[in-house]
Every structure is written in structure tokens, then in C-alpha cells.
Amino acid sequence: MPRSDPGERGRPDRHLVLVTATAMEMRACLEGWPGAIIPEEGQWCEQPFAEQTMVTLVTGVGPVNAALSLGRLLGTFRPRGVCNLGVAGSFDLQALRLETVCCVTAESWPEFGLRKTEGIDPCGLGLAHGKIGGQVYRDRVPLDPEGGARAMGVCLPACCRVKSLSVAGVSGTLEQAACYRHRYDADIENMEGFALAWACLTQEVPFLELRTISNRVGSRAAGDWNLKAALARLGPVTQALWPGRGDRRTDQ
Ligand SMILES: O=C(O)c1cccc(C(=O)CC[C@H]2O[C@@H](n3cnc4c(=O)[nH]cnc43)[C@H](O)[C@@H]2O)c1
């Protein structure tokens, strides 16, 4: 991978943003990186990352916190790209097991639209979520992981490609999970991806979303959860994205 000019370190337009919802996810991403600073929720900080400057942003949980935090950041400077890492629920643990690393190819937001007895109609409002270059967006946003990785100069790890949906209200029953899965043809559920993807799409900032599976969507059974193991997979994902940059133990 080409190494960037050290003179670019101070240029905010060259910075990459690593964004997580929670401090625990950020801590897991930066495991093996001594001295890494973990921002408070709703805050970001700059830190040297090999010859680059990395901006680490912890948004707080859910789409409102995600949009607010990334919106504030994008109003302050324009980064080279935004990479969202975190954990997520799987709609099918046979197909996507606990700990699986997933790369998101599409985000949807099943809470947008007109809520009818039979469910939400995304076109029922007569109002779109937004329009970009003549294209109307309602409850779905396509992602381009390869293009995003290329633009950011990161190495996309070989992993499962998935469609994701984002919610403010986490699915609390298997019935709700089945309903979403069927309606949106989704593989995973999270709480921030759509908001972050939308913010980047509107601002024309490259975006990448990688998640590790922590639980079965809609299940409260202990056997359907392993948050600790999913968190432990985030460090290797960060190191795969930036090979040789995330682990300083070898050169100290
Ligand atoms: O206590 C719960 O019931 C609970 C349910 C879902 C997630 C959590 C977390 O502590 C992690 C929050 C974080 O993780 C993402 N996430 C993980 N699994 C899911 C899910 O099944 N549905 C939606 N989001 C999920 C989410 O992006 C949050 O930021 C606790």
C-alpha cells in the first residue's frame, strides 16, 4: 500500500475518521495500540497513526447520536473518509455466526415512512428522506465498500458481505426480527449505520462499514449472545484495514 507524505499529517482533508457508537467498541478497535485515546461519547480526538493522523469519533448509541456527532465533525472539517466499526445482531446465526466479520453493502432504515396497521410504507409520506443529484432516497442507501476502501487507502479484509438495517428501537422479539428480515432482505441489524452512511452520502465523503456479530437479532437467550467475543474481533479488523499501523508493540 502506498505510504502517504508525512507532510500531509496536518491536513484535515487527509484525515481518516474511525467511528464507533460506544467507547467499548473503540477500545476494542484500538486494542494493541498503546497510548491510544478513547474519546467520551459524542466527542472525537485526533491521534497520530503511523505517518497519518487518525480521528477517532465515539457517537453514542443510535441514529440520532450518530447523525449529530458525525454531522458536527463534518461541519468542522472534511475527512478523506469515514470508517464505521462496531458490533451488530445477525438475523440468522446459521448463516452469519457469532463473531463473524461483515462488510456492509447496503443500509436501510425501517422506521422511515408512514406507519400503517400492516407496517411502514416508505413512500406513504409523499416526502423523501432526501434527494442527491436528482436521485430520491427514502429508506435505503447503497454502499460501495471497494470504492470507499480505495478512496481511503485502506485494505478491505476478506469477509462476508451483508445488507444491514438500522433502528432506534432494537428488535426485542423473534417475531419482529423475522418481520424486518423478510421485508428488508437484511442480514444484520445495528443502530447507527444508516445515519452515518447518509451523512457521508450527502457530503460526498467515502464511507465504509464493518461489523462483527455479537448476537441473534430479537433473542434475549444468553446462548444467542457473545458481545465479548465480537468485540475481540474488532482489533484484528482495524489491523487488517491498516496493516502494520495499528500494533506498535513490534516497534517499541
Ligand atoms: O441490551 C440489549 O438488549 C442490547 C441489544 C442490542 C445491542 C446491545 C449492545 O449493548 C450493543 C449496542 C450496539 O451494538 C449494535 N448492536 C448489536 N446488536 C444489535 C442488535 O441486535 N440490534 C441492533 N443493534 C445492535 C448497535 O449498533 C449498538 O450501537 C444491547
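Residues numbered from 1 in each chain as written. Predicted model: local features only at pLDDT ≥ 70, side-chain atom pairs only at ≥ 80, totals over all residues. Heavy atoms only, no water.

Going by an unreviewed UniProt entry, the protein carries the name Futalosine hydrolase and comes from Desulfohalobium retbaense. For the protein, the Sequence similarities (unreviewed entry) comment in UniProt is given as "Belongs to the PNP/UDP phosphorylase family. Futalosine hydrolase subfamily." According to the UniProt record, the Catalytic activity (unreviewed entry) comment for the protein reads "futalosine + H2O = dehypoxanthine futalosine + hypoxanthine". (UniProt positions renumbered as here; feature names shortened; annotations may be inferred.)

Here helix α4 (residues 174–184) has its buried residues at Ala177, Tyr180 and Tyr184. Projected onto a plane normal to the axis of α4, the buried residues spread over an arc of 65° and lie on a single side. When the buried face of α4 is taken as reference, the exposed residues oriented beyond 90 degrees from it are Glu175 and His182. Check the buried side of α4 and you find it contacts β5 (101–108), β10 (140–142), β11 (160–166) and β12 (188–190). One or two positions beyond α4, positive phi appears at Asp185, with a value near 50°. (Buried < 20%, exposed > 50% of the residue type's maximum accessible area, 1.4 Å probe, protein only. Helix = DSSP H or I, 4+ residues; strand = E, 2+ residues; numbered from the N terminus. Arc of directions from axis to C-beta. Contact = heavy atoms within 4.5 Å.)

The next thing to look at is a nonpolar patch on the surface. A cluster of nonpolar side chains, Leu114, Leu125 and Leu127, forms an exposed patch at the surface whose accessible area comes to about 260 Å². As for its placement among the helices and strands, Leu127 is situated in the loop between β7 (119–121) and β8 (130–132). With a relative accessible area of 56%, Leu127 lands in the exposed category. (Patch = residues over 30% accessible without salt bridge, like charges linked within 9 Å, V, L, I, M, F, W, Y side chains within 5 Å. Areas by Shrake-Rupley, 256 points an atom, 1.4 Å probe, with all protein chains shown as cover. Salt bridge = Lys/Arg side-chain N within 4 Å of Asp/Glu carboxyl O.)

Glancing now at the site of the ligand. The immediate surroundings of the ligand are formed by 14 residues, with Glu189, Met191, Glu192, Asn215 and Arg220 found nearest. At 2.7 Å, a side-chain N or O of Glu189 approaches a nitrogen atom of the ligand. Glu192 places a side-chain nitrogen or oxygen 2.6 Å from an oxygen atom of the ligand. Surface burial for the ligand is 81%, taken as the share of its 550 Å² of free accessible area covered by protein chains. In a pocket analysis with a 2 Å cut-off to the grid points, the ligand is assigned to the largest pocket. Of all the secondary-structure elements, those providing two or more residues to the shell around the ligand are β4 (81–90), β12 and β13 (207–216). Counted by class, the shell around the ligand contains six nonpolar, four polar and four charged residues. (Near = heavy atom within 4 Å. Polar contact = N/O pair within 3.5 Å; in protein donor to acceptor, adjacent residues only side chain to side chain. 1 Å grid on protein atoms, 1.4 Å probe; cavity = no way out; pocket = protein on both sides within 12 Å on 5 of 7 lines; lining within 4 Å. Sits in = over half its atoms within 2 Å of the grid points. Nonpolar A, V, L, I, M, F, W, Y, C, P; charged D, E, K, R; others polar.)

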